[in-house]
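So the chains spell out like this:
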Amino acid sequence: QVRLVESWGGLVQAGGSLRPSCSASGIVFSRAGLEWYRQARGNQRELAANVSGSGKTNCGDAVKGRFTISRDCPKNTVYLQMTNLKPEDTAVYSCGTSWRGRYDWGPGTQVTVSS
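A few points on the structure. What you see is a predicted model; the values in this text were computed from it and never measured.

Turning next to the pattern of salt bridges. With the rule as written, the count across this model stands at five salt bridges. Note that Arg-38 is salt-bridged to Asp-89, the shortest N-O span being 2.8 Å. Residue Arg-38 is found in strand S4 (residues 34-39), and its partner Asp-89 is found in the loop between strand S8 (77-82) and strand S9 (91-99); the two are separated by 51 residues along the sequence. Between Asp-89 and Arg-66 there is a salt bridge; the shortest N-O distance is 2.7 Å. Here Arg-66 lies in the loop between strand S6 (57-59) and strand S7 (67-72) and Asp-89 lies in the loop between S8 and S9, a separation of 23 residues in the sequence. The residues Asp-89 and Arg-66 share a single accessibility class, namely buried. Residues joined by salt bridges that share partners form a network here, namely Arg-38, Glu-46, Arg-66 and Asp-89.

What follows is about unusual backbone geometry. Non-glycine residue Asn-76 carries a positive phi angle of around 50°. As for its position among the elements, Asn-76 is in the loop between S7 and S8. A residue is classified by how much of its surface remains accessible, and Asn-76, at 26% relative accessible area, is partly exposed. The phi angle at Asn-84 is positive, at roughly 45°, despite the residue not being glycine. Assignment of secondary structure puts Asn-84 in the loop between S8 and S9.

Analysis parameters
Residues numbered from 1 in each chain as written. Predicted model: local features only at pLDDT ≥ 70, side-chain atom pairs only at ≥ 80, totals over all residues. Heavy atoms only, no water. Salt bridge = Lys/Arg side-chain N within 4 Å of Asp/Glu carboxyl O. Helix = DSSP H or I, 4+ residues; strand = E, 2+ residues; numbered from the N terminus. Buried < 20%, exposed > 50% of the residue type's maximum accessible area, 1.4 Å probe, protein only.

Have a look at this one:
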């Protein structure tokens, strides 16, 4: 059974940084692609960043140059380093993975950026 748990969201002032994490179980972490999505109230979910099973990374256009995704395979954890945060980055950030024919999500962590 796949389980994803996000941690270390929070409240930060504009210009600040956060590094939420997502721990995963029930997958072969070094072979699984993982994604960070975000959803602000009233908006559709959008991709923040993803990392493939081979380690290739990608960021969404709105966060390029400010966010970086990384993973620690021994810890089965993926991180989203967020810098120069803006109020429009306020959202619930969730990680997800497609594994053995189904897609699973974590419950998400709230990130709030004050102006």
